[in-house]
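Chain and residue survey
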Amino acid sequence: MAKQTKKQKALTEKLGENQDLHSFAEALQMLRDLSTAKFDETVEIAMNLGVDPRHADQMVRGMVSLPSGTGKEMRVAVFARGDKAADAEAAGADRVGAEDLLEDMQNGNLNYDRVIATPDMMAVVGRLGKVLGPKGLMPNPKLGTVTPNVAQAVKDAKAGQVEFRVEKTGIIHSGIGKLSFSEEQLRANFQAFTSAIVRAKPSGAKGKYVRKLTLTSTMGPGLKLEVSEVEGA
């Protein structure tokens, strides 16, 4: 790890002593000041929710489009035939196929961030359940990844649409952009993501829904945010 400057040492000491809650702007500036990485770090948000996802009526899952994008190139595979396959290719899919794509994935070629399928291809895709399921890549109609409109699904994925799903511990997290993004870009993504979580509040959630909020970067510390930063929380 690179040697810290005096300013970074002072901030590190401050973090060790002070666990106060921060505004989004304060936390982001601290992450920038502390950064010593040689690459463009991802800014990540973690939300502790008042849910128990072991119960079906407390599951939080969905998709949200980040207005400023993710800063990451999304690799998208599409199961489709004929005109739909042509549509997916025209929209920028990295790989389009049917049985050939099935065989390729069965052989371990799974370097994709999103897998999309037309409804008529699910008999083929279903055979990949044990391969795609554990990686969270299985196409799902509720998430819009099983759709006849594959072109739009590909465009959405490429433009910065991310999937969210609460973990067993009630925590939900996601990257919301890169540290090189402007504060305005990151705030727009932060608000889009957290608003989507609030809108997805399940019927079975009781008591306080958003309980804790943390902002971090790939190599940075986790900084606690004021829950009031989340609109509607």
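In every chain, residue numbers begin from 1 and rise along the written sequence. Totals for whole chains, interfaces and linings use all residues, but because this is a predicted model, local features are given only for residues with pLDDT of at least 70 and pairs of side-chain atoms are given and counted only at 80 or more. Note that water and hydrogens are dropped before the side-chain values are worked out from all heavy atoms of the structure.

1. Regarding the environment of E184
By definition, any uninterrupted DSSP run of H or I lasting at least four residues is a helix, any uninterrupted run of E lasting at least two residues is a strand, and each is numbered from the N terminus. Following the sequence through the fold, E184 ends up in helix α8 (residues 183-199). On a C-alpha basis, the gap between E184 and A25 in space is 9.6 Å, while along the polypeptide they are 159 residues apart.

2. Details of the pattern of salt bridges
We define a salt bridge as a side-chain nitrogen of Lys or Arg found within 4 Å of a carboxyl oxygen belonging to Asp or Glu. What the rule picks out here adds up to 10 salt bridges. Residue D94 pairs with R75 through a salt bridge whose shortest N-O separation is 3.9 Å. Linking D94 in the loop between α3 (82-90) and β4 (95-97) with R75 in the loop between β2 (61-65) and β3 (76-79), this pair joins segments that are 19 residues apart in sequence. Relative accessibility decides the category of a residue: with a 1.4 Å probe and only protein chains considered, values under 20% of the type maximum give buried, values over 50% give exposed, and everything between is partly exposed. On the accessibility criterion, R75 (30% relative accessible area) is partly exposed. The salt bridge partner of E183 is R187, with a shortest N-O separation of 3.7 Å. You can see E183 and its partner R187 sitting in helix α8, 4 residues apart, about one turn around the helix. E183 gets classed as partly exposed once you look at its relative accessible area, which sits at 31%. In this structure, a network of salt bridges that share partners links the residues R75, D94 and K158.

3. Structural notes on the packing of aromatic side chains
When the centres of two rings from Phe, Tyr and Trp lie within 6.5 Å, Trp using its six-membered ring, the rings pair. Their planes under 30 degrees apart give stacked, over 60 give edge-to-face, and anything left gives tilted. Within the structure shown, the criterion is met by 2 aromatic pairs. Look at F24 and F190: their rings are 4.8 Å apart centre to centre, the planes differ by 35°, and that puts the pair in the tilted class. You can see F24 sitting in helix α2 (residues 24-34) and its partner F190 sitting in helix α8, a full 166 residues away along the chain. Ring centres 6.1 Å apart and planes at 80° place the aromatic pair F164 and F193 in the edge-to-face group. Of this pair, F164 sits in strand β6 (residues 161-165) while F193 sits in helix α8, and the two are 29 residues apart along the sequence. Residue F164 is classed as buried on the basis of its relative accessible area, which comes to 3%.

4. A closer look at the nonpolar core
By size, the foremost hydrophobic cluster in this structure holds 36 residues, and its most contacted members are I45, M47, L49, F193 and L215. At the level of secondary structure, the elements contributing two or more residues to this core comprise α2, β1 (42-49), β6, β7 (171-178), α8 and β8 (210-217). Nine residue types can take part in a nonpolar core, namely buried Ala, Val, Leu, Ile, Met, Phe, Trp, Tyr and Cys, and a core is a set of them joined through side-chain atoms within 4.5 Å. With 16 residues, the next largest nonpolar core counts F79, L101, V124 and L137 among its residues.

5. Concerning the environment of T194
Looking at the element boundaries, T194 is found in helix α8. You can call T194 buried: its relative accessible area is 1%. Measuring from C-alpha to C-alpha, the distance between T194 and L213 comes to 9.8 Å, with 19 residues separating the pair along the chain. Here, two residues are considered to be in contact whenever any of their heavy atoms come within 4.5 Å of each other. For T194, the residues in contact, after removing those within four places along its chain, are M47 and V230.

6. Digging into the sheet that holds β7
Criterion used throughout: strands pair if DSSP finds at least two bridges between them. Read across the sheet, 4 strands follow the order β7-β1-β8-β9 without closing on themselves; strand pairing throughout is antiparallel. Single-partner strands in this sheet number two, and they are β7 and β9 (223-224). Inter-axis angles, ranging from 0 to 180 degrees, are taken between N-to-C directions of lines fitted to C-alpha atoms, where helices are fitted over the stretch in contact. Against the sheet, α2 engages β7, β8 and β9, with an angle of about 30° to β8.

7. Quick look at the side chain of E229
Mapped onto the elements of the fold, E229 is located in the segment after β9. Under the rule applied, a polar contact is a pair of N or O atoms within 3.5 Å (in protein, one hydrogen donor and one hydrogen acceptor; residues adjacent in sequence only if both atoms are side-chain atoms). Of note is the side chain of E229, whose polar atom sits 3.0 Å from the backbone nitrogen of F24. Beyond its immediate sequence surroundings of up to four residues, E229 is in contact with S23, F24, R187, F190 and L213.

8. With respect to the packing of α2 against α8
Packed helices, taken two at a time, are described by their axes: the angle between them and the distance between them. Their axes nearest at 11 Å, the elements α2 and α8 cross at an angle of 125°. Judged on the interaxial angle alone, α8 and α2 are oblique. Considering how the two elements wind past one another, α2 and α8 form a crossing that is right-handed. Residues F24, A25, L28 and R32 of α2 lie in contact with α8, whose contacting residues are E183, L186, R187 and F190. Any angle from 65 to 115 degrees is called roughly perpendicular, while one under 35 is roughly parallel, one over 145 is roughly antiparallel, and all others are oblique. With the far helix as reference, a near helix turned anticlockwise by less than a right angle produces a left-handed crossing, and one turned clockwise produces a right-handed crossing.

9. With respect to the sheet that holds β4
Strand order in the open sheet made by the 3 strands is β4-β3-β5, with parallel pairing throughout. Lying at the two open borders of the sheet, with one neighbouring strand each, are β4 and β5 (114-117). The average undirected angle you get between the axes of adjacent strands in this sheet is 15°. Judged from the 3 bridges that link them, β3 and β4 form a sheet pairing that is parallel. Residue V78 lies in a different strand from β4, and its bridge partner there is V96.

Distances and angles like these do not, on their own, reveal function.
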